[in-house]
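Summary of the model geometry
Single-letter residue listing:
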Amino acid sequence: MAGKLAVEVEVKSSADKFWENIRNSTTLFPKAFPDQYKSIEVLEGDGKAVGSVRLIKYAEGMPLVKISKERIDAVDDEKKTASYHVLEGELLQYYKNFKAHFTVVPKGEGSLVKWSCEFEKASDEVSDPNLIKDFAVKNFKEVDEFILKAQH
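What this report covers is the structure whose coordinates are included nearby. Computed from a predicted model, the values in this text were never measured in an experiment.

Time to look at the overall build of the protein chain. On a plain count of helices and strands, the protein chain comes out with 4 helices and 7 strands. For the protein chain, the C-alpha atoms occupy an extent of roughly 45 × 30 × 25 Å along the three principal directions. Expressed as a percentage of the 152 residues in the protein chain, the buried residues total 44%. Pairs at least 24 residues apart make up 51% of the contacts formed inside the protein chain by residues separated by at least 6 positions. A total accessible area of about 8,300 Å² is found for the protein chain, and carbon and sulfur atoms account for 50% of it. With 23 positive and 26 negative side-chain charges, the protein chain shows a spacing of 1 Å between the two charge centroids.

Structure follows, in structure tokens:
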């Protein structure tokens, strides 16, 4: 019952700018997107380095997940790639394990964000995590809009 989902999102921001903002998601997301993120608390590490653990509290009305505790598994600032997995939270009621990876690649004047996840369903009835994939895509587009607004 293991599976994988992947998606690519084109954004207008440069890869450097986009990566910098995504890496600062601990402070950026609750400020910029309070309708989605109540808070992001760093429980271990600095919130950016490998081994860091973050507790993400989602805003009221968010589907599926209210809280997610995640550990950063890998980060490469040069290649602009990172991986994390979910340690605790409602998501694990649906998936025995959930790991996500993303990479930011320069493309023209903007960049391409590649996101993928690997998961193992808790039961046959559980559908693929398309909701999580769609949320990631929405987040990437909103971060792009946030960067573009800040530049003007």
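Turning our eyes to something else, we now look at the sheet that holds strand β4 (residues 67-76). The pairing of strands in a sheet happens through backbone hydrogen bonds and is either parallel or antiparallel. The sheet built from 7 strands is open, its strands ordered β1-β7-β6-β5-β4-β3-β2 with antiparallel pairing. Where the open sheet ends on each side, the last strands, each with one partner, are β1 (2-11) and β2 (37-44). For this sheet, the mean angle separating the axes of adjacent strands, direction not counted, is 25 degrees. In this structure, strand β3 (residues 53-58) lies alongside β4, joined through 5 bridges in antiparallel fashion. In the sheet register, Val53 faces β4, and the bridge partner there is Arg71.

Our focus in this paragraph is the packing of aromatic side chains. Applying the stated criterion across every chain yields a total of 11 aromatic pairs. Between the aromatic rings of Tyr95 and Phe98, the centroid separation amounts to 6.1 Å while the plane-to-plane angle is 50 degrees, which identifies the pairing as tilted. Here Tyr95 falls in the buried class, since its relative accessible area comes to 4%. Considering the side-chain rings of Phe102 and Phe140, the 6.4 Å spacing of their centres and the 50 degrees angle between planes classify their relative orientation as tilted. You can see Phe102 sitting in strand β6 (residues 95-107) and its partner Phe140 sitting in helix α4 (residues 130-150), a full 38 residues away along the chain. Per residue, the accessibility class of Phe102 equals that of Phe140, and both read buried. An aromatic cluster is present here, built from Phe29, Phe33, Tyr37, Tyr58, Phe135 and Phe146 joined pairwise through their rings.

Put simply, the largest pocket is a space of about 700 Å³. As for the largest pocket, its lining consists of 34 residues, and the residues nearest its centre are Tyr37, Tyr58, Glu70, Tyr84 and Asn139. Where the lining of the largest pocket is concerned, the elements lending two or more residues are α1 (15-23), α2 (25-32), β2, β3, β4, β5 (81-89), β6 and α4. When residues of the lining of the largest pocket are assigned to their parent elements, the largest contribution, 6 residues, is made by α4. For the lining of the largest pocket, the class distribution of residues is 24 nonpolar, 5 polar and 5 charged.

So, on to the pattern of salt bridges. Should their charged atoms come close, side chains of opposite charge can pair. One pass over the full model with this rule turns up 9 salt bridges. Between Asp77 and Arg23 there is a salt bridge, and its shortest N-O distance comes to 3.2 Å. Pair noted here: Asp77 is in the loop between β4 and β5 and Arg23 is in helix α1, with a separation of 54 residues, a long-range link. Note on Asp77: relative accessible area 45%, which makes it partly exposed.

Conventions and cut-offs
- Residues numbered from 1 in each chain as written.
- Predicted model: local features only at pLDDT ≥ 70, side-chain atom pairs only at ≥ 80, totals over all residues.
- Heavy atoms only, no water.
- Helix = DSSP H or I, 4+ residues; strand = E, 2+ residues; numbered from the N terminus.
- Buried < 20%, exposed > 50% of the residue type's maximum accessible area, 1.4 Å probe, protein only.
- Contact = heavy atoms within 4.5 Å.
- Areas by Shrake-Rupley, 256 points an atom, 1.4 Å probe, with all protein chains shown as cover.
- Lys, Arg positive; Asp, Glu negative; His and termini not counted.
- Charge placed at Lys NZ, Arg CZ, Asp CG, Glu CD.
- Pairing = 2+ DSSP bridges.
- Axes fitted to C-alpha atoms, helices over the stretch in contact; angles between N-to-C directions.
- Phe/Tyr/Trp six-rings, centres within 6.5 Å; stacked < 30°, edge-to-face > 60°.
- 1 Å grid on protein atoms, 1.4 Å probe; cavity = no way out; pocket = protein on both sides within 12 Å on 5 of 7 lines; lining within 4 Å.
- Points joined across faces, edges and corners; volume = space filled by probe spheres on them.
- Nonpolar A, V, L, I, M, F, W, Y, C, P; charged D, E, K, R; others polar.
- Salt bridge = Lys/Arg side-chain N within 4 Å of Asp/Glu carboxyl O.

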